[in-house]
Amino acid sequence: MPYHADRHARIVIIGAGAIGCSLAYHLARAGEKDVLVLEKAQITHGSTWHAAGLVGQLRGKRSLTQLMQNSVAVFDRLADETGQATDWKKVGSLRLASSDVRWSEIRRSMQLAKSFGFECHGLSAGEAKDRFPHIDPEGVVGAAFIPSDGYIDPYALTQSFASAARQHGARIEEGVCVKDIVTENRRALGVVTDHGTIGCDILVNCAGLWARRIGEMAGVPLAAGVVEHQYFITEKGLDLPADLPTLRDPDKNFYLKPDVGGAFAIGGWEDGTNGCWNQLAPFEFGRQLFPANMDRLERFALPAAERLPVLNEIGIRTTINGPIPVSADGEPIMGQAPELDNFYVACGFTAGIAASGGAGEAMANWIVHGDPGLDLWSFDTRRFGKPHAQAQYLEQRAIEAYGAYYKVHWPAEESHVGRGLRRSPLHTLLAAAGAQFGSKFGWERANWFDSQDISASETPSFEAKPGWSDAVAAETRAIRERVALIDQTSFSKYEITGPGVQEALNRIAASDLSGQPGRAVYSQLCNPNGGIEADLTFIHVEPDRFLMVTGSGFGVRDATWVRRHLPDDVMLRELTGAYAVLNICGPKSREVLQSVSGQDLSNPAFPFLAARHNDVGLASVLAVRVGYVGELGWELYIPQEYAAHVYETLKQAGEPLGIADAGYRAIESCRLEKGYLYWSADITPDTSPYEAGLGFAVALDKADFIGRDALIKVKIEGVTRRLVTLTVDGFAPFHSGETILHGGQPVGSLCSAGYGHYLGKTIGFGYLPIDLNKEDEIGIEAFGKTYPAKRGPRCLYDPTMERLKS
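Residues numbered from 1 in each chain as written. Predicted model: local features only at pLDDT ≥ 70, side-chain atom pairs only at ≥ 80, totals over all residues. Heavy atoms only, no water.

A. Main features of the overall build of the protein chain. Looking only at helices and strands, the protein chain has 18 helices and 37 strands in total. Computed over its C-alpha atoms, the radius of gyration of the protein chain comes to 27 Å, within 12% of the 28 Å expected for a compact globule of 806 residues. By its C-alpha atoms, the protein chain is 85 × 70 × 55 Å across when sized along the principal axes. For the protein chain, the residues scored as buried account for 61% of the 806 residues in total. In the protein chain, 73% of the contacts between residues at least 6 apart in sequence involve partners at least 24 apart. Just so you have it, the protein chain exposes about 30,000 Å², and 49% of that area is on carbon and sulfur atoms. Of the side chains in the protein chain, 78 bear a positive and 97 a negative charge, and the two mean positions are spaced by 2 Å. (Helix = DSSP H or I, 4+ residues; strand = E, 2+ residues; numbered from the N terminus. Rg over C-alpha atoms; globule rule 2.2 N^0.38 Å. Buried < 20%, exposed > 50% of the residue type's maximum accessible area, 1.4 Å probe, protein only. Contact = heavy atoms within 4.5 Å. Areas by Shrake-Rupley, 256 points an atom, 1.4 Å probe, with all protein chains shown as cover. Lys, Arg positive; Asp, Glu negative; His and termini not counted. Charge placed at Lys NZ, Arg CZ, Asp CG, Glu CD.)

B. Main features of unusual backbone geometry. Of note, the phi angle at Arg186 is positive, near 65°, even though the residue is not glycine. Its location among the elements puts Arg186 in the loop between β9 (178–184) and β10 (187–193). We note that Ser736 has phi near 100°; this positive angle belongs to a residue other than glycine. Along the chain, Ser736 falls in the loop between β32 (721–729) and β33 (739–742).

C. Examining helix α8 (residues 352–369) more closely. Maximum bend of α8: about 40°, positioned at Gly358. Counting buried positions over the 18 residues of α8 gives 14, a clear majority of the element. Directly after α8, the chain includes Gly370, whose backbone phi takes a positive value near 80°. (Bend = angle between axes of the 7 residues up to and from the residue.)

D. Geometry of the nonpolar core. By size, the foremost hydrophobic cluster in this structure holds 50 residues, and its most contacted members are Ile13, Leu23, Val204, Met334 and Leu376. Going through the elements one at a time, β1 (7–14), α1 (18–29), β2 (35–39), α2 (62–82), α5 (154–167), β11 (196–205), β18 (343–347) and α8 are the ones with two or more residues in this core. By residue number, the principal contributor to this core is α8, which donates nine residues. Apart from residues lying up to four places away in sequence, Leu23 is in contact with Ile13, Val204, Cys206, Gly360, Met363, Ala364 and Ile367. Grouped together as the second largest cluster of nonpolar side chains are 40 residues, Leu222, Ala328, Leu340 and Phe384 included. (Core = buried A, V, L, I, M, F, W, Y, C linked by side-chain atoms within 4.5 Å.)

E. Main features of the sheet that holds strand β34 (residues 745–756). Judged by pairing direction, the barrel is antiparallel, and its six strands sit side by side in the order β32-β35-β34-β33-β36-β37 before closing back on the first. Averaged over all adjacent pairs, the angle separating strand axes in this sheet is 40°, with direction ignored. As paired strands, β32 and strand β37 (residues 785–792) are joined by three bridges and run antiparallel to one another. Residue pairing in the sheet places Thr727 in a bridge with Lys790 of β37. Sitting on the sheet, helix α17 (residues 664–674) is in contact with β34 and β35 (761–769), with an inclination near 125° to β34. (Pairing = 2+ DSSP bridges. Axes fitted to C-alpha atoms, helices over the stretch in contact; angles between N-to-C directions.)

F. Up close: the pattern of salt bridges. This structure, assessed with the given rule, holds 39 salt bridges. A salt bridge links Asp380 to Arg382; the nearest nitrogen and oxygen atoms lie 2.7 Å apart. By relative accessible area, which is 11% here, Arg382 ends up buried. (Salt bridge = Lys/Arg side-chain N within 4 Å of Asp/Glu carboxyl O.)

G. View of the packing of α5 against α8. It is the contact of α5 with α8, at a shortest axis distance of 11 Å, that shows an interaxial angle of 20°. In terms of orientation, α5 and α8 fall into the roughly parallel class. Pair α5 / α8 crosses with left-handed handedness. Only Ile353, Ser356 and Gly357 of α8 make contact with α5, whose side of the interface consists of Pro154, Leu157 and Phe161. Residues that form the contact of α5 with α8 fall into these classes: four nonpolar, two polar and no charged. (Parallel < 35°, antiparallel > 145°, perpendicular 65-115°, else oblique. Left-handed = near helix turned anticlockwise from the far one by under 90°. Nonpolar A, V, L, I, M, F, W, Y, C, P; charged D, E, K, R; others polar.)

H. Here's a closer look at the side chain of Ser98. When you line up the elements, Ser98 lands in the loop between β4 (93–97) and α3 (100–116). In this structure the side chain of Ser98 is engaged in a polar contact, spanning 3.1 Å, whose partner is the side chain of Asp249. In this structure the side chain of Ser98 is engaged in a polar contact, spanning 2.8 Å, whose partner is the side chain of Arg307. Ignoring anything within four residues of it in the chain, the contact list for Ser98 reads Gly139, Val140, Val141, Asp249, Asp251, Lys252 and Arg307. (Polar contact = N/O pair within 3.5 Å; in protein donor to acceptor, adjacent residues only side chain to side chain.)

I. Just empty space enclosed by the protein, in detail. For the coordinates displayed, the defined rule picks out one cavity of 30 Å³ or more. In this structure, the largest cavity occupies an estimated 40 Å³ of space. Taken together, Ser424, Trp443, Glu444, Arg445, Ala446, Asp487, Gln488, Thr489 and Ser490 make up the full set of residues lining the largest cavity. In terms of residue count, strand β20 (residues 443–449) provides more of the lining of the largest cavity than any other element does, four residues in total. Of the residues that constitute the lining of the largest cavity, the class distribution is two nonpolar, four polar and three charged. (1 Å grid on protein atoms, 1.4 Å probe; cavity = no way out; pocket = protein on both sides within 12 Å on 5 of 7 lines; lining within 4 Å. Points joined across faces, edges and corners; volume = space filled by probe spheres on them.)

J. Here's a closer look at the side chain of Arg445. Along the chain, Arg445 falls in strand β20. Of the side chains with opposite charge, Glu414 comes closest to the buried, unpaired Arg445, at an N-O distance of 6.8 Å. Among all residues touching Arg445, those that are not within four sequence positions of it are Gln436, Phe437, Gly438, Lys440, Ser490, Ser552 and Tyr664.

K. Summary view of the packing of aromatic side chains. By the definition in use, this model includes 24 aromatic pairs. For the ring pair Trp269 and Tyr402, a centre distance of 5.0 Å and an interplane angle of 65° mean the geometry is edge-to-face. Here Trp269, found in the loop between β15 (263–267) and α7 (294–307), pairs with Tyr402, found in helix α10 (residues 391–403); they are 133 residues apart in sequence, far enough to count as distant. Here Trp269 and Tyr402 have matching classes, each one buried. Taken together, a centroid distance of 5.6 Å and an interplanar angle of 50° make the contact between Phe554 and Tyr678 tilted. With Phe554 in the loop between β25 (545–550) and α14 (555–563) and Tyr678 in the loop between α17 and α18 (708–717), this residue pair connects regions lying 124 residues apart in the sequence. For Phe554, a relative accessible area of 8% gives the class buried. Within the aromatic cluster, the residues linked to one another by ring pairs are Tyr255, Trp269, Tyr402, Tyr405 and Tyr406. Arg287 extends its terminal NZ or CZ atom over the ring of Trp49, reaching a point 4.2 Å from the ring centre. Sitting over the ring of Trp634, Arg625 keeps its end group 5.8 Å from the ring centre. (Phe/Tyr/Trp six-rings, centres within 6.5 Å; stacked < 30°, edge-to-face > 60°. Lys NZ or Arg CZ within 6 Å of the ring centre and 35° of its normal.)

Here it is, written out as structure tokens:
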């Protein structure tokens, strides 16, 4: 039945909290005059009204820090622009380290700040007390001070956004509840409300606590959870200076901001909070709170009193226990939904007040220009899939993310809940072999293998080698010297079929996909600006059939990009769960595989990048001569029911040659040695293939493809920066983000880093200005120490590809 709306707006935003009102303001300010915000109750009546209002900017990546800096820039101007007070107090923030481990974590954050050019100062315990006289400095190892942080009144801020939006022509209607969303042919046609129907060209879900429910109406699963969060306000009467900064002591698990009348507002991120409403907030819930939970409150109130003895002398005036959004990984959810072509989301903001200005600006850019203006992959809705939005899984992950907010975030840390959801058919066999599993997109994956021959443990570290280092070193030796098996079943796998599929994909891929079936092609998918939207492999299986293989966490994103550029008669279908993938690699891999296969695997018969159907024992597999470790090897695509047989057959055949199991941490070490890049770290939508040294994968001489004109321009004009490989002999504590120095001055930062176990070097990738390409006096600063670094070739291991292609 055709949908006929009572009225129409070009852009409809659902939800008038801080995020929704900020987006309306930024859209209207950018010239979008037909913007309508629908709010089921009143402005701020979700979680905005009871938010604490702290504003902190420093994040783990430059672009995410920039988003928060953009918020502060908005806060700085908003009151003058609107004539409406926001009560923005730019007093700075103080973060204490009450343990050596925390001080390592904070110093790493300050190192990141330095590489971003972001002002942040390290303080001693005494200097921290000078800034915040009420603290007891006992046990404080150090502190970080960020002068541009502060706090703001959430209600006043949101009302100011709303006022500014209206001044620029946007409309906000309160008391209008969305009851349903009408969709057709991958588009949201409009909404059904309790006040009639409204058609739209673009629909945006800024519904906060209700975002998952709104998503369900549109057929868009969202990993946007809801949990309880508490803070309390002390009695008034303390003598607090006007410039007193906000305070965080994550080891004591509390945050603090000054409040009116000489009081403190103090909250924390305690373990064991409650999930709410099976992750579907009822529309009937409004400007309400839950009863205080004093047992949970004590988990941060008592430690706070240890750091602030004055709390033992004043009472608690008010306790706030309300619902807040928390996503499955604790980060916001932003961007265009993969299921619909005109449906955007901006939800899951645990720190929504602090992010509101920058998030509204980025979302407006996304909607108007198709690009947020920043690399926001860490917040992108496409990082999640249906498994993350399942209610019980989401609640477990949201509660864990909430409780982990102030825990030490170790390099390579893993989630401990929501585990065991997706398992390879080899899972039991790998567990019996000593696999220590991590999790990626719900898949259990072997990170490394424990054996009786090597002492190893799952003990992380900031400044020393982690506990698994020796075990991973043994796995890399097996890959480099003998033969190894790696379960890579979690690869995202898609089948693309239909008449003209080869021509269609050639218009999307930067590489040349022409030619006969039977080969794999490594390619980037570029945007119109020449930036890299995806980095993946196509396997040409049959004349009108390709497989697309990409990383475990990139499938939703990459498939969405491809699907939106395919013609209607070319179909894309996910096959991730249909096939296991087993990588056999190493100089003796051909000998092992040949011994159980009836086909000729010699180099002339089965060259590098060839793809053939092959027998392994009693099973038939698709064998592709490719890999991510830089050795001779094959990826075997195996129907799930045959995977265990293939693994056991190869393990038995390789036993005389010292075959070993290897995990993902060995892959990481080997790919750094080989110079292989990782999308989202080394290459992004803001990176061109020529900057990254991937020009060999760009076919400018073929017919037109997305990004070709921009890449031709880059090729002619040259690049202004280039990815380089830097090494330090032996071990150095690099994790990515460390500052690259030239002449003692910051000139860049590491985008990937780690220890190359086989080469015995610490390896880092980073972009340097082109005029520094021949400079050798490069240093890398980590944890307060500068390490002299050597510039190496992009490919440190087997640079001539002799081993890989033999």
